[in-house]
Amino acid sequence: MTQRNPMIGKVIAIDGPAGAGKGTLATSLAREYRMKYLDTGTLYRTVAYKVLRAGGDPAREEDALKACDLSDYDFKHMGNNKFCVLLDGEDVMSELRTQSVGQGASKVAFYTSVRSALKQFQIEFAEKWASQYGVILDGRDIGTVICPDADYKFFIDADPEVRAHRRIEELKSRGHQANFEETLSEILERDARDRGRKDAPLKPAGDAYVVDTSHKNALQVLQMVMDYISMPVAKV
Ligand code: DC
């Protein structure tokens with residue numbers, strides 16, 4: 001007899017700064033629980049990428065807002081729960097992962113107009129998939145703004161130096177070199193912008209379970225979070 005997936009109908013919200021391990025955790029949870037996963041940073045990165053491609057400035061609200069029409073893009077779920085962004089049929093995921101697009105994403109994300117243009121997509125995604133599979137969203141404001149009623153909320157954090165090392169390793173694995181000091185200062189700059197903005201700043205929801213991943217590997221973090229989810233009192 002097949003067992004009903006206990007996470008059907010559930011929403012998991014994961015927030016935290018760049019490089020803390022949100023994506024790794026969300027991907028593993030999605031696999032473990034057979035849930036659908038949306039990395040919402042991809043949306044902000046897509047907007048920034050579009051601005052940069054058009055020769056615009058992500059820090060200018062007018063340019064950022066012009067790029068908010070996500071219908072030019074195709075957001076696809078590949079079979080293995082990998083999310084893919086296609087522009088004119090071409091996979092642009094690796095372009096979206098660059099440092100400059102990450103910085104640009106943090107700049108466009110500053111504007112309330114941009115945040116509200118992207119909000120509906122995220123809410124619709126959560127509603128559409130939660131009832132069939134259960135859904136995981138990660139970003140900066142999932143537990144506070146996008147899914148304030150999420151069943152489980154996690155805030156994943158780590159020391160900036162640790163996050164810088166992880167970022168360098170990630171870049172290396174894709175054949176890029178990066179300098180530690182520069183990477184660290186980019187992380188600190190992005191943190192300050194994401195935490196300091198007026199609208200939906202990066203901060204733990206009052207009812208989030210905060211996990212510091214500085215001295216933990218991905219498997220230990222996954223285990224902690226799954227243990228928390230399986231506790232009878234875990235529902236926030
Ligand atoms: O998670 P990421 O590094 O791909 O996100 C890129 C930027 O997008 C991040 O610096 C801030 C912004 N962002 C946001 O403001 N809100 C979200 N829910 C997700 C990302």
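Note that the coordinates shown come from a computational prediction; the quantities given were computed from them, not determined experimentally.

Rules used in this analysis
Residue numbers here run from 1 along each chain, matching the order of that chain's written sequence. In view of the model being predicted, local features appear only for residues whose pLDDT reaches at least 70, and side-chain atom pairs are presented and counted only at 80 or more, with totals across whole chains, interfaces and linings using the full set of residues. Side-chain measures were taken over the full set of non-hydrogen atoms in the model, leaving aside hydrogen atoms and water. Definition used for salt bridges: Asp or Glu carboxyl oxygen within 4 Å of a side-chain nitrogen of Lys or Arg. We count a stretch as a helix when DSSP gives it H or I for four or more residues in a row; a strand needs E for two or more, and each element gets its number in order from the N terminus. Only protein chains enter the accessibility calculation, which uses a 1.4 Å probe. A residue is then buried if its area is under 20% of the maximum for its type, exposed if over 50%, and partly exposed in between. Only Phe, Tyr and Trp rings are paired, with Trp represented by its six-membered ring, and only when their centres lie within 6.5 Å; those with planes under 30 degrees apart are stacked, over 60 edge-to-face, the remainder tilted. Throughout this description, the term charge over a ring refers to an Arg CZ or Lys NZ atom that lies within 6 Å of the ring centre and within 35 degrees of the ring normal. Helix axes are fitted to C-alpha atoms over the stretch in contact, other axes to C-alpha atoms as well, and angles between N-to-C directions run from 0 to 180 degrees. Angles below 35 degrees are treated as roughly parallel, those above 145 as roughly antiparallel, those between 65 and 115 as roughly perpendicular, and all remaining angles as oblique. Definitions for this section: a left-handed crossing has its near helix turned counterclockwise from the far helix by less than a right angle. A right-handed crossing has that turn clockwise. Any two residues whose heavy atoms approach within 4.5 Å at even a single point are treated as in contact. Gly falls in the polar group here, along with every residue not listed as nonpolar (Ala, Val, Leu, Ile, Met, Phe, Trp, Tyr, Cys, Pro) or charged (Asp, Glu, Lys, Arg). To estimate the expected span of a helix, subtract one from its residue number and multiply by 1.5 Å. The directions from the helix axis to the C-beta atoms form the arc being described. For this description, a residue counts as near a given molecule or strand if any of its non-hydrogen atoms is within 4 Å of it. In the analysis that follows, any N or O atom pair within 3.5 Å is treated as a polar contact, provided that within protein one partner can donate a hydrogen and the other can accept it, and provided that, for residues neighboring in sequence, both atoms belong to side chains. Shrake-Rupley sampling with a 1.4 Å probe provides the accessible areas, and residues are treated as covered by the protein chains on show and by no other component.

## Here we look at the pattern of salt bridges
Part 1 of the argument: Summed over all chains, the structure comprises twelve salt bridges.
Part 2 of the argument: The closest approach of N and O atoms between Glu 169 and Lys 172, which form a salt bridge, is 3.5 Å. With Glu 169 and Lys 172 both in helix α8 (residues 160-173) and three residues apart, the pair spans about one turn of that helix.
Part 3 of the argument: With relative accessibility at 46%, the residue Glu 169 sits in the partly exposed group.
Part 4 of the argument: Shared partners join several salt bridges into a network, and the residues in it are Arg 60, Glu 62 and Asp 63.

## Regarding the packing of aromatic side chains
Part 1 of the argument: Summed over all chains, the structure comprises eight aromatic pairs.
Part 2 of the argument: Look at Tyr 209 and Tyr 228: their rings are 4.2 Å apart centre to centre, the planes differ by 5 degrees, and that puts the pair in the stacked class. Within this pair, whereas Tyr 209 is found in strand β8 (residues 209-212), its partner Tyr 228 is found in helix α10 (residues 218-230), the two being separated by 19 residues in sequence.
Part 3 of the argument: The exposure class of Tyr 209 is partly exposed, given its relative accessible area of 25%.
Part 4 of the argument: Taken together, Tyr 73, Phe 75 and Phe 121 form an aromatic cluster joined through their ring pairs.
Part 5 of the argument: Directly above the ring of Tyr 133 sits Lys 36, whose terminal nitrogen or CZ lies 5.0 Å from the centroid.

## Some details on the packing of helix α2 (residues 41-53) against helix α6 (residues 112-130)
Part 1 of the argument: Between α2 and α6, the shortest axis-to-axis distance is 10 Å and the interhelical angle comes to 130 degrees. The pairing of α2 with α6 is recorded here as oblique in orientation. The element α2 and its partner α6 pack so that their crossing is right-handed. For the pair α2 and α6, contact is made by Leu 43, Tyr 44 and Val 47 and by Val 114, Arg 115, Leu 118, Phe 121 and Gln 122, respectively.
Part 2 of the argument: A breakdown of the residues in the contact of α2 with α6 according to their chemical character gives six nonpolar, one polar and one charged.

## Structural notes on unusual backbone geometry
Part 1 of the argument: Positive phi, normally seen in glycine, also occurs at Asp 88, with a value near 50 degrees.
Part 2 of the argument: Within the secondary structure, Asp 88 sits in the loop between β4 (83-87) and β5 (90-91).
Part 3 of the argument: At Ala 200, a position not held by glycine, the phi torsion is positive, near 50 degrees.
Part 4 of the argument: Among the secondary structure elements, Ala 200 is positioned in the loop between α9 (180-196) and β8.
Part 5 of the argument: Note on Ala 200: relative accessible area 8%, which makes it buried.

## Here's the deal with α8
Part 1 of the argument: Here α8 contains 14 residues, and its C-alpha end-to-end distance of 20 Å stays within 8% of the 20 Å for a straight helix at 1.5 Å per residue.
Part 2 of the argument: When α8 is considered as a whole, its buried residues turn out to be Arg 163, Ala 164, Arg 167, Ile 168 and Leu 171. Across the axial projection of α8, the buried residues extend over an arc of 140 degrees, all falling on one side.
Part 3 of the argument: Buried residues in α8 make contact with α5 (99-108) and α9.
Part 4 of the argument: Once α8 ends, the next one or two residues include Gly 175, with phi positive near 85 degrees.

## What about the site of the ligand?
Part 1 of the argument: In the vicinity of the ligand, 14 residues are found, and the nearest of them are Arg 45, Arg 115, Arg 140, Arg 190 and Asp 194.
Part 2 of the argument: Side-chain polar atom of Asp 141 to a nitrogen atom of the ligand: 2.9 Å apart, as the coordinates give it.
Part 3 of the argument: Asp 194 places a polar side-chain atom, nitrogen or oxygen, 2.7 Å from an oxygen atom of the ligand.
Part 4 of the argument: In the complex, 97% of the free accessible area of the ligand, which totals 450 Å², lies under the protein chains.
Part 5 of the argument: Breaking the shell around the ligand down by element, the ones donating at least two residues are α2, α5 and α9.
Part 6 of the argument: In terms of residue count, α2 provides more of the shell around the ligand than any other element does, three residues in total.
Part 7 of the argument: Grouping the amino acids of the shell around the ligand by side-chain chemistry returns three nonpolar, four polar and seven charged.

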